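Structural overview
Letter by letter, the chains look like this.
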Amino acid sequence: MGRSGVAGTDSLLVRPATAQDAAGVATLLGVLGYPCDRAEAANRLRALAEEADQEILVADRHGCLVGLLALDLMYYLPLGARTCRITALVVSDGEQRRGVGRMLLREAEHRARLAGAARIELTSATHRTEAHAFYNACGFNESALRFLKRLGD
């Protein structure tokens with residue numbers, strides 16, 4: 001996969017992130033609301049590179065990262081099958097509504113199917129109402145309420 005005929009995506013390549021993408025990953029994580037510097041992004045990319053069932057995909061337009069998607073494949077006991085969880089999805093402000101997010105989601109779904117996942121899921125903060133509309137338009141349905149307890153500092 002990678003290239004698409006969707007308007008605005010003709011020069012877009014979806015590919016796995018590399019260590020050289022740390023600065024762009026840091027910028028995109030900041031857009032998502034999780035700021036970090038290039039060194040921290042590089043550490044996170046290294047940590048995930050060692051996890052066989054996790055992937056970081058980036059949307060690259062002429063060498064500039066304009067989107068990022070992280071996915072985690074796991075065996076899900078209640079379902080009795082593998083599932084794919086999208087743990088991060090972000091598109092840079094200037095690239096939103098140009099097909100980048102849809103292209104990343106299509107690639108994630110493709111990879112999930114290849115890995116034998118029975119479903120693909122994601123979570124989204126309650127205040128991200130525009131993102132919720134986007135996910136619904138992409139075939140995702142609201143299905144659960146998420147509870148969170150922070151550990152440590």
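Throughout what follows, the structure given in this document is the object of discussion. (Residues numbered from 1 in each chain as written. Predicted model: local features only at pLDDT ≥ 70, side-chain atom pairs only at ≥ 80, totals over all residues. Heavy atoms only, no water.)

Turning our eyes to something else, we now look at the pairing of strand β3 (residues 64-76). Here eight bridges tie strand β2 (residues 54-61) to β3, and the two strands are oriented antiparallel to one another. Considered in β3, the bridge of Asp-60 is made with Leu-65. Hairpin connection of β2 to β3: two residues between the antiparallel strands, including His-62 at a positive phi of 55 degrees. With ten bridges joining them, β3 and strand β4 (residues 81-91) adopt antiparallel strand pairing. (Pairing = 2+ DSSP bridges. Helix = DSSP H or I, 4+ residues; strand = E, 2+ residues; numbered from the N terminus.)

Before going further, it helps to spend a moment on the sheet that holds β3. Strand order in the open sheet made by the five strands is β1-β2-β3-β4-β5, with mixed pairing throughout. Each having just a single partner strand, β1 (12-16) and β5 (120-122) make up the two edges of the open sheet. Neighbour to neighbour, the strand axes of the sheet diverge by 25 degrees on average, direction disregarded. (Axes fitted to C-alpha atoms, helices over the stretch in contact; angles between N-to-C directions.)

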